[in-house]
2 protein chains.
Amino acid sequence: MALQKKYGIEELISLTKKDMGLVNDLIIQRTISNTDMIPKVSQYLISSGGKRLRPMLTIASSKLCECKNNYYIPLAAGVEFMHTATLLHDDVVDDSEMRRGKIAARMLWGNEASVLVGDYLLGEAFKMMVEAQSIKALEVLSNAATVIAEGEVMQLVYSNHLTITPEMYFQIINYKTAKLFSAASEIGAIISDSSKETAQILRDFGSYLGIAFQLSDDALDYTSTIDNIGKDIGDDFFEGKVTYPIIVSYKKSNKEEKKLWERLINKKNKNANDFKSALELIDKKKGFEKTLAEAKKYGEKALNCLENFEKSEMKSALEEAVYFSYTRDS
Amino acid sequence: MALQKKYGIEELISLTKKDMGLVNDLIIQRTISNTDMIPKVSQYLISSGGKRLRPMLTIASSKLCECKNNYYIPLAAGVEFMHTATLLHDDVVDDSEMRRGKIAARMLWGNEASVLVGDYLLGEAFKMMVEAQSIKALEVLSNAATVIAEGEVMQLVYSNHLTITPEMYFQIINYKTAKLFSAASEIGAIISDSSKETAQILRDFGSYLGIAFQLSDDALDYTSTIDNIGKDIGDDFFEGKVTYPIIVSYKKSNKEEKKLWERLINKKNKNANDFKSALELIDKKKGFEKTLAEAKKYGEKALNCLENFEKSEMKSALEEAVYFSYTRDS
């Protein structure tokens, strides 16, 4: 897929810069504890430079809704903490060795610390969210917390299942990823006292964006380089996660190729050659193109949602972020 | 310590029976998910018969405060879910093989499932707590969530530290155990719209009760039988947890005994003989008596708090529960 222009999130970063400064201060401040290990583990992960898309979404949607208060600041920080907590726990669940281009926290401080510091951050997330004093926003966010965990459990249950249906795959990514994008966007409307319709539009917007983002993430897990994506390439494959590129390839495989897939996925200690075989099998069946085409489809749904808002710099920045979500290489 | 009478929580159970029925229904209902593994793991642990002291405290304190609404039901269920989530995570952190007399969930479904189902239950806990519509109660409970995790991290950091001060030990048990007892009691006052003073009294009551409970738990970990306490005896010792009985013994040890303690605690694969030696060293220095005397001291502080309330059946039941907390053998 040759692209004329390379899209990015620079506009979104620039327009949310001042508020993100406050969010980042709050994040640092709220990892401080009498127990050294908590700021150490939290800040190690937090300072390792994720995109911080989720808190930016909360700020951006609050701005789209002409929010008159500052409650989106603790809410945005809470959303990022919730995300960080799930990353710490995911690394334990997946036995990951790398995260954001650095050695995973659990490799340095142990699984125990990752579990407990994750719990601490989840608690702090709720504390900050409670400070925003909105029961409605808390409803959305506490619901997101359970749905994310449910998605992670589903993913665990369906690991190594080549026959997973596309519907189940979409449910998993909707739960584990899109739900927090969706909640992060929706609470911007809630905190601004916007109409139910606007809240629904932003909820859908976040959801579609999250799905587009996860689909391209699943493609990048095979096609990126470690410098770009900052985690091990092939993680999904080695962990037995059957993502969309495999689903497409398996479905279009002939009997022999299906057998090869089964051998590859069920092999206990997968190696680099197995990964290469998987890559070839996906490529042969245009698994990456189909995955990115799906991502684009969801990206376009997200863009449609934005059509409900007046022209503004923030709206353009969000549109760019949507293009980025399905054309990105990092 | 020969006791004239054996105290229990039967009165508390009997007086909260109807409400606990509703709480238990809600608990079962809220573990239902499309993902089989979630109800399976949750109900395995939930049905294994913990005492459910914490939700009973929420109900009892609501009754003491003459609560006029039913919001204590979802709050009590939320408190129990929060507790269950920490048990699932603790077992992963401690590599425990038993819990409540049954094989630990993580031994049956893996650490991954215990981490994720714990996260799910924590999310559901917040959802239920949000349903009670009280920002103040949410403040108390979200704060408890972080403090509990902080206590668990401290405990991890201080494992195998024989020189841990009694102050640090008390901070750890205050954080990891007493905080939830305290929050569970305080929210009864909050939800009943009681005065700040009453909320403070119940907060203190729960806190003292929790400390008494944990101190006797730490003694029971050495002196009980598996039939009574339902988890491995000596867990604390084998996990390198330096609890009050050891702190007392180590402090009163001579040079030679201190060396023996160091050898025992720093040994990587502790065996039954090591546990026997530890038991003897504690017994020799009256470590258990001192621990139970401390428990009694905190129990009496809890009883003092109750003096602020008029005579009632519920008050008597709580007094019995306090006696139980420091005289129990299970």
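Just above, that's the structure.
Structural notes, computed from the coordinates. (Residues numbered from 1 in each chain as written. Chains lettered and ligands numbered in written order. Predicted model: local features only at pLDDT ≥ 70, side-chain atom pairs only at ≥ 80, totals over all residues. Heavy atoms only, no water.)

Another point: the side chain of Ser114 of chain B. Residue and element names in this part refer to chain B. Mapped onto the elements, Ser114 comes out in helix H6 (residues 105-131). Polar side-chain contacts of Ser114 include one of 3.4 Å to the backbone nitrogen of Arg106. Residue contacts for Ser114: discarding those within four places in its chain leaves Leu88, His89, Val92, Ala105 and Arg106. (Helix = DSSP H or I, 4+ residues; strand = E, 2+ residues; numbered from the N terminus. Polar contact = N/O pair within 3.5 Å; in protein donor to acceptor, adjacent residues only side chain to side chain. Contact = heavy atoms within 4.5 Å.)

Take the environment of Leu180 of chain B next. Residue and element names in this part refer to chain B. Counting through the fold element by element, Leu180 comes out in helix H8 (residues 166-191). Classification of Leu180 by relative accessible area gives buried; the value is 3%. A sequence separation of 30 residues divides Leu180 from Gly210, and the C-alpha atoms of the two residues are 8.0 Å apart. Leave out the neighbours within four places in its chain, and Leu180 touches Arg54, Val79, Met82, His83 and Ile148. (Buried < 20%, exposed > 50% of the residue type's maximum accessible area, 1.4 Å probe, protein only.)

Moving on, we come to unusual backbone geometry. The phi torsion at Asp95 of chain A lies on the positive side, around 55°, for a residue other than glycine. By the element assignment, Asp95 of chain A lies in the loop between helix H5 (72-94) and strand S1 (98-99).

In this section: helix H9 (residues 196-223) of chain B. For H9 of chain B, with 28 residues, the first-to-last C-alpha span of 40 Å sits near the 40 Å given by 1.5 Å per residue. Buried residues dominate H9 of chain B, accounting for 21 of its 28 residues. (Expected span 1.5 Å × (residues − 1).)

So, on to the relation of the copies chain A and chain B. For these two chains of identical sequence, chain A goes onto chain B by a turn of 180° and a shift of 0.0 Å along the axis, with RMSD 0.0 Å. Within this description, the copies of the chain are treated as partners about a two-fold rotation axis. Take the interface residues of chain A: 100% of them recur as interface residues in chain B, which is what a same-surface contact looks like. (Least-squares fit on C-alpha atoms with pLDDT ≥ 70 in both.)

Before going further, it helps to examine the interface of chain A and chain B. Counting residues at the interface gives 39 residues for chain A, matched by 39 residues for chain B. Linking chain A with chain B are zero salt bridges. Only helix H3 (37-46), H5, helix H6 (105-131), helix H7 (135-157) and helix H8 (166-191) of chain A provide two or more residues apiece to the side of chain A that touches chain B. Its residues assigned to classes, the side of chain A that touches chain B comprises 21 nonpolar, eleven polar and seven charged. (Salt bridge = Lys/Arg side-chain N within 4 Å of Asp/Glu carboxyl O. Nonpolar A, V, L, I, M, F, W, Y, C, P; charged D, E, K, R; others polar.)

So yeah, pure geometry; function would need other evidence.
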